[in-house]
Amino acid sequence: MSIALDTLLSRRSVRSFDGRPLEAADRDALEAVFAEARPGPFGGRPRIRLLDAAQAGLADADRAPARIGAYGVVSGARAWLVGAIANAPDACSDFGYVFEGIVLSAAGRGLGTCWLGGTFSRGAAARAVGLAERELLPAVSPVGYPADRRTLVDAAFRLGAGSDGRKPWRELFFDGQPGRPLPASGLGDWAGIFEAVRRAPSASNRQPWRLVRDAPGRVRLLFAENRAYNRALDPVRVQELDLGIAMRHIAEACAATGRTGAWSRLPEDAIKPAAPFAYHATWLGDA
Ligand SMILES: Cc1cc2nc3c(=O)[nH]c(=O)nc-3n(C[C@H](O)[C@H](O)[C@H](O)COP(=O)(O)O)c2cc1C
């Protein structure tokens, strides 16, 4: 399913739902997205389940959907997206990449979602997906129809994370080397592609991604890791989810503007100066 640039730019986290169960057409569409999902850029393939109390076969429902949201940050959600992935060095990037594809497909259908890496019951989610010993359960998301008004908790959470703001361009996007700001003018479609990354969701809205444009269509992704924060939920690397999400936004924004390309990890880019950041991957695509 292709994602419109407008969806990449306008998606926002939704924590207040109207309590309606998912309609069959929406459930089927999401399940088709899981079925078609390709592995992430480093080869990891999450398995993702839609937990929906209304769904046949989940008649007992294990009351899992209600228990997953145990923290009370989310209200009125009747269905949850829960995923697991084999633990490996870049598993969280791959998970972020693939799960964000589902989040964006949902947003394109008018469905609300919210990445939750911390404020959910990991135990209930792990039971619901039958988590294996060597798997990680990096994050979940409610999915459903946004309520007309945000709850107070939702509004407070957005305020706390500064969710409506983003770092300015000059801090995120560089020209040829870290620290040299990339002018937004003269970039053509690429201005929208970079902006699609700037609008990407990230844990506590920390935006740990930096992009260096080395040549037209060639972009290096650097990691501004906050080590303690990234590792607080060990073995999950919460900020590496953010990197995978950003990688998905570039891939989808390029596709939406008629471009092809792919992410790779390139030895020649790994030795380029990146300080104070760390090299993660390179987008090689059409100018
Ligand atoms: C990996 C990840 C983990 C997140 N964890 C939580 C969480 O535990 N609880 C929560 O309410 N929001 C969580 N969020 C949502 C972010 O706070 C939100 O994406 C950010 O503030 C930007 O707001 P926006 O998504 O509306 O653009 C998470 C987002 C990401 C990407």
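Residues numbered from 1 in each chain as written. Predicted model: local features only at pLDDT ≥ 70, side-chain atom pairs only at ≥ 80, totals over all residues.

**Q** Is there a simple way to explain the overall build of the protein in this structure?
**A** Helix and strand counts for the protein stand at 11 helices and 10 strands. Radius of gyration (C-alpha) of the protein: 18 Å, near the 19 Å computed for a compact globule of 287 residues. Taking the principal axes of the C-alpha coordinates as reference, the protein spans close to 55 × 40 × 35 Å. Here the protein holds 287 residues, and 44% of them are scored as buried. (Helix = DSSP H or I, 4+ residues; strand = E, 2+ residues; numbered from the N terminus. Rg over C-alpha atoms; globule rule 2.2 N^0.38 Å. Buried ≥ 20, exposed ≤ 12 C-beta atoms within 10 Å, placed from the backbone.)

**Q** Can you walk me through helix α5 (residues 122-129) in this structure?
**A** Residues lying three or four places apart along an α-helix face the same way, a consequence of the helix completing one turn every 3.6 residues. Among all positions of α5, only Ala124, Ala125 and Ala128 are buried. Seen end-on, α5 carries its buried residues on one side only, within an arc spanning 95 degrees. Glycine 130, located one to two residues past α5, shows a positive phi value of around 60 degrees. (Arc of directions from axis to C-beta.)

**Q** What's the story with the site of the ligand in this structure? I'm lost.
**A** In the vicinity of the ligand lie 23 residues, with Ser13, Gly117, Gly118, Ser163 and Pro201 positioned nearest. Taken together, the elements giving at least two residues each to the shell around the ligand come down to α6 (152-161) and α10 (238-256). Split into classes, the residues belonging to the shell around the ligand amount to 12 nonpolar, 8 polar and 3 charged. Lining the shell around the ligand are residues from two domains, each supplying at least three of them: domain 1 (5-156) and domain 2 (169-285). (Near = placed C-beta within 6 Å. Nonpolar A, V, L, I, M, F, W, Y, C, P; charged D, E, K, R; others polar. Domains from an automatic or database assignment.)

**Q** Just to check I follow, could you spell out the pairing of strand β2 (residues 79-86) for this structure?
**A** On a regular strand, each side chain points to the face opposite its neighbour's, so the side chains alternate between the two faces of the sheet. Counting buried positions along β2 gives 7 out of 8 residues, so the element sits mostly inside the fold. In this structure, strand β1 (residues 47-52) lies alongside β2, joined through 6 bridges in antiparallel fashion. In the strand pairing of β2, aspartate 52 is matched with alanine 79. In this sheet, strand β5 (residues 140-144) lies alongside β2 in antiparallel orientation, the contact comprising 4 bridges. Across the sheet, the residue bridging to alanine 79 is valine 143, located in β5. Pairing geometry for β2 and strand β4 (residues 135-136), over 2 bridges, is antiparallel. Considered in β4, the bridge of alanine 86 is made with glutamate 135. (Pairing = 2+ DSSP bridges.)

**Q** Would you mind going over the nonpolar core with me for this structure?
**A** Note that soluble globular proteins tend to have their nonpolar side chains buried in a common cluster. Of all hydrophobic cores here, the largest spans 75 residues; its most connected members are Trp80, Val140, Leu211, Leu221, Ala246, Met247 and Ile250. It is helix α4 (residues 91-108) that provides the largest number of residues to this core, a total of 11 residues. There are two domains that each give this core at least three residues, and those are domain 1 (5-156) and domain 2 (169-285). (Core = buried A, V, L, I, M, F, W, Y, C linked by C-beta atoms within 7 Å.)

**Q** Is there a simple way to think about the packing of helix α8 (residues 189-198) against α10 in this case?
**A** Packed helices, taken two at a time, are described by the angle between their axes plus the distance between the axes. In contact at an axis separation of 8 Å, α8 and α10 are set at 150 degrees when each is read in the N-to-C sense. When the axis of α8 is compared with that of α10, the two are roughly antiparallel. The handedness of the crossing between α8 and α10 is right-handed. Counting all contacts with α8, which are made through Gly192, Ile193, Ala196 and Val197, the residues of α10 involved are Ala246, His249, Ile250, Ala253 and Cys254. (Axes fitted to C-alpha atoms, helices over the stretch in contact; angles between N-to-C directions. Parallel < 35°, antiparallel > 145°, perpendicular 65-115°, else oblique. Left-handed = near helix turned anticlockwise from the far one by under 90°. Contact = placed C-beta atoms within 7 Å.)

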